[in-house]
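# Structure assessment
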Amino acid sequence: MANLEIGGIDCRNLAAVSGTPLLVYDEEKIETQFAAATENFKSQEFDTEVVYAAKAFSCTAIFEKAQQAGAGLDVVSGGELYCARQAGVDMKKVYFHGNNKSTEELEMALKLGCGTIVLDNDMECERLITLSEREKISIDVLLRVNPGIEAHTHEYIQTSGSDSKFGISIKKTEQIQSLAQKVLDSSYVNFKGFHSHIGSQITETEGFEKALEIMISFISDMKQQGVPAEVLSIGGGFGIRYTEEDQPIPLGEMAARLARICEKQLAEKNLQLKKLIMEPGRSIVGEAGYSLYKVGFSKDTDTKHFLFVDGGMSDNIRPALYQAKYSCDIATRMGEAKDKTYCVAGKNCESGDILIQEAQLPSSAAEGDLLVIYAAGAYGYSMASNYNRAGRPEVVFVKKGKARRVLKRETYQDQLRLETDEQLIF
Ligand SMILES: Cc1ncc(COP(=O)(O)O)c(C=O)c1O
């Protein structure tokens, strides 16, 4: 009976020191993914930039790793902006996204020297122009447009219109032109180009190819209308391997292919671009993350063998939210025959709190064993909640046999620190 090792450390030791549920990141895997993107997303024709999408997993330690890798940062809130600043990130490399940034967040972005705001709508554009004039602070902007492509896993569809809450439909050329003109006429906001993001967990290049074709053709049309774009961001959404059903194109290959596709499309349109941007999130941190849980009770029903673990939807809502699939092992029984089908369920008070509906595991699995869920590094911790007053798990980074705690376990006391009883004065 062998134990799983992560980054050269026996998971029993990790759980003994840090407790469970525990999120463990293999730092070398994160570094490999950053390098795969930055080294392959290159072109002789234009500059390129890899921008890490913080929403996948955000904390000071991962922001530092992004910075070390030379990547920029995509943030979507004042909280992520603040964390970036505290992590010592070069704010010029920060892209601030979001469909409903508050006035306070826009002011904060200006004052912190955020490099680029990705504008979502007309009202935001006007607000930013007003604020930048008031503060006399310059800022670059990209405008998020919706190319009418929706891509998920290996399928993409071209939609006729756009009802997305993000960005402006590419079909609304007059609206886009007039927004861009406002920016071009303003003194402190610099129009740089366009942004599009077509979906998530995309494992093929087809959807991106179509999106690039549409976006480059659009940029060419816009140029003729007096709107010069020099930067194009194609967003994120690069798929990872959650289960053996997923066969994603490796990130490095995807990055290289996107650069080639862009070069080809530009040549066909006889167009030049200064910079192409990609925004991977999941593909940087997803497979590097391992969720370790302690196995508790088990229970048989008429149709299921439940195996309960000491976490659940409060630390990983993805299976309950959109039936996301994962693979797992009993980390303390590696190599044993997987001769029983279990339903791995969490301890949160919801029937839907099932982490894996059908997992093949050793029938010897018992209370006190550790269960590992693989590829748990993206959109798990960042979407974690305190449902049932569950504390968010501890997070450790491991590398070459060494481990460091980067996020402490949230205690009962931590959760009570916001409680108060104050009279409100009006
Ligand atoms: C604008 C934008 N960029 C990048 C990403 C990152 O996507 P992923 O983590 O799937 O690469 C997202 C995810 O929602 C996004 O909305």
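As a reminder, the structure under discussion sits directly above these lines.
I will try to describe carefully the structure that is included in this document. Model, not experiment: these values are computed from the prediction.

## Observations regarding the overall build of the protein chain
Counting secondary structure elements, the protein chain contains 12 helices and 23 strands. Expected size for 426 residues packed as a compact globule is a radius of gyration near 22 Å; at 23 Å, the protein chain falls within 12% of this value. Each principal axis of the C-alpha distribution contributes one length, and for the protein chain these read about 70 × 60 × 40 Å. Here the protein chain, with 426 residues, has 47% of them falling under the buried criterion. The long-range fraction of contacts in the protein chain, counting pairs at least 24 apart against all pairs at least 6 apart in sequence, stands at 70%.

## Some words on the site of the ligand
In the vicinity of the ligand there are 16 residues, among which Ala53, Gly236, Glu279, Gly281 and Arg282 approach most closely. Classifying every residue of the shell around the ligand gives 4 nonpolar, 8 polar and 4 charged.

## Here's the deal with the nonpolar core
When a protein is soluble and globular, its nonpolar side chains tend to lie buried together. Counting residues in hydrophobic clusters, the biggest one holds 125 residues, and the most contacted among them are Leu14, Val24, Leu73, Leu292, Val344, Leu371 and Val372. Examining the composition of this core, we find that 8 residues originate from one element, helix H8 (residues 206–224), more than from any other. When near neighbours in sequence (up to four residues on either side) are disregarded, Leu14 contacts Ile6, Ile9, Leu22, Val24, Leu292, Val396 and Ala403.

## Concerning the sheet that holds strand E9 (residues 149–153)
Judged by pairing direction, the sheet is mixed, and its 3 strands sit side by side in the order E10-E9-E13 without closing on themselves. Edge positions in the open sheet fall to strand E10 (155–158) and strand E13 (199–202), since each of these has one partner strand only. Each adjacent strand pair in this sheet contributes to an overall mean axis angle of 25 degrees, direction not counted. As defined by bridge partners, E9 adjoins E10 across 4 bridges and the pair is classed as antiparallel.

## Focus: unusual backbone geometry
Trans is the prevailing form of peptide bonds, just as negative phi is the prevailing case for residues other than glycine. Of the consecutive residues Thr20 and Pro21, the connecting peptide bond is found in the cis state with omega at -10 degrees. Looking at where Pro21 falls in the secondary structure, it is placed in the loop between helix H1 (11–18) and strand E3 (22–26). The phi torsion at Gln201 lies on the positive side, around 50 degrees, for a residue other than glycine. Inspection of the secondary structure puts Gln201 in strand E13.

Quick notes on the rules
By convention here, each chain's residues receive numbers from 1 onward along its written sequence. Selection of residues for local features in this predicted model requires a pLDDT of at least 70, selection of side-chain atom pairs for listing and counting requires 80 or more, and totals for whole chains, interfaces and linings are taken over all residues. Helical segments are the DSSP runs of H or I of at least four residues, strand segments are the runs of E of at least two, and each set is numbered from the N terminus. We take the radius of gyration over the C-alpha atoms and set the globule estimate at 2.2 Å times the residue count to the 0.38 power. Residues are called buried when their C-beta atom has 20 or more other C-beta atoms within 10 Å, exposed when it has 12 or fewer, and partly exposed otherwise; all C-beta atoms are positioned from the backbone. Distance between backbone-placed C-beta atoms decides contact: two residues are in contact if it is within 7 Å. Note on definitions: a residue is near a molecule or strand provided its C-beta atom, placed from the backbone, lies within 6 Å of it. The classification used treats Ala, Val, Leu, Ile, Met, Phe, Trp, Tyr, Cys and Pro as nonpolar, Asp, Glu, Lys and Arg as charged, and all other residues, Gly among them, as polar. Take the buried Ala, Val, Leu, Ile, Met, Phe, Trp, Tyr and Cys residues, join any whose C-beta atoms are within 7 Å, and the set you get is a nonpolar core. By definition, two strands form a pair when at least two bridges between them are found by DSSP. The axes are straight lines fitted to the C-alpha atoms, using for helices just the contacting stretch, and the angles between their N-to-C directions are given from 0 to 180°.

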